[in-house]
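# Structural description and commentary
Here's the letter readout for the chains.
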Amino acid sequence: NTSHLVKVGIDFYLNEKNTLSFYTTQNVFASDGFGTTAVNFLDPVNDGRDITQSFENETDSHTQTYNFDYKLDFGKEGQNIELEVNHNMTDAPEDAIFDYLYPSNTPLNFNRVDDVENERQNTIVNLDYVNPLSETAKLEIGLESRIQTTENDFISTIINSGGTSQTNSSFKYDRNIYSAYVTYSKQWEKFSAQIGARVEQYDVDATFQGYDDVVGGNVTTNFEDDIFTVYPSAFFTYNASEKNSFNLSYSRRVDRPGIQQVNPIREWSTPQIDSKGNPNLNPQFTNSFEINYTRRMKIGSVTLGTFYRKINDEITRVVNDHPTDDDRLIL
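Quantities reported herein were computed from a predicted structural model and do not represent experimental measurements.

### Topic: the pairing of strand β10 (residues 217-239)
Of the pairings in the sheet, the one linking β10 to strand β11 (residues 244-255) comprises 7 bridges and is antiparallel in character. Each bridged residue has a counterpart across the sheet, and for T237 the counterpart in β11 is N247. The turn joining β10 and β11, which pair antiparallel and follow one another in sequence, is formed by 4 residues.

### Notes on the pattern of salt bridges
Throughout the structure, instances matching the rule amount to 7 salt bridges. Two residues, R146 and E144, come together in a salt bridge whose shortest N-O distance is 3.0 Å. According to the relative accessible area criterion, R146 is partly exposed, its value standing at 32%. For E144, a relative accessible area of 21% gives the class partly exposed. The partner of R256 in a salt bridge is E200, and the shortest N-O contact between them spans 2.2 Å. Placement of the pair is R256 in the loop between β11 and α1 (259-262) and E200 in strand β9 (residues 191-212), with a sequence separation of 56 residues.

### Describing the environment of D274
Turning to its location among the elements, D274 is positioned in strand β13 (residues 273-275). The buried category is assigned to D274, whose relative accessible area is 11%.

Reading the values: rules and limits
Residues numbered from 1 in each chain as written. Predicted model: local features only at pLDDT ≥ 70, side-chain atom pairs only at ≥ 80, totals over all residues. Heavy atoms only, no water. Pairing = 2+ DSSP bridges. Helix = DSSP H or I, 4+ residues; strand = E, 2+ residues; numbered from the N terminus. Salt bridge = Lys/Arg side-chain N within 4 Å of Asp/Glu carboxyl O. Buried < 20%, exposed > 50% of the residue type's maximum accessible area, 1.4 Å probe, protein only.

None of this, on its own, says anything about what the molecule does.
Structure follows, in structure tokens:
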């Protein structure tokens, strides 16, 4: 693997209250890989099914990031508003050659050539406002927009003694997330609290066109998600004394599937396993409760805590039988 990274930025102080910042990151990455996978059946009856796969793959990617930030400080100390815009583009084509060799040079031997085009664009816009209402209270408000577009094109060519065959697939994935949050924190003599909530609109529109193993032919499949969610959070701290403190918290969290987890085009392949994504994945939601007690001592501190987390729609890997080949699995 070879990577070249360049980052250039500038901060421009218009005056004591206004600051403009800009930076760009350019990353050029090249990867060459090769390897061999051997599958041997110990049962003499099945020796003819032994197979050796050798592969070579080459990936060249160019990632561009452009970031703009504007911050305005108000007259009151700690009160400010900040706008940040981040745009990221990645172009990562991949070429791979697979050779499948069976024993005794049987007619089953074949080569597979895969060409993959990967293009991604991601734009994030944040607007955050902070206002210290008093020496013991603070209000934070924010808006965020995330717009992501991914396009994958996959061409697989199989060459054997019978000739050449080819399958084409494409996957287009658009994901937009719009959210707003508010957080209020307050401190009393021995007690402090922070409560807040984030509301979020999550939209996904995806289209897959190409060969599908399950139906054994070409299909066009559309996937859509339209989810509105509220994420509350609350954190409480009680300092009973200089040496003893208690913390109690609750939060609702989300883990969204990444592009490789939803992309139905293969991620990698061996003689017996194909790895691919599942476009039907939903976001994974977690409700988390936690309580801690901390005892401070001269030489440090000791914390005793416990937590409970309930996960809905957990995202994990599963292995399924291949619908058309008893010797293969799909991960």
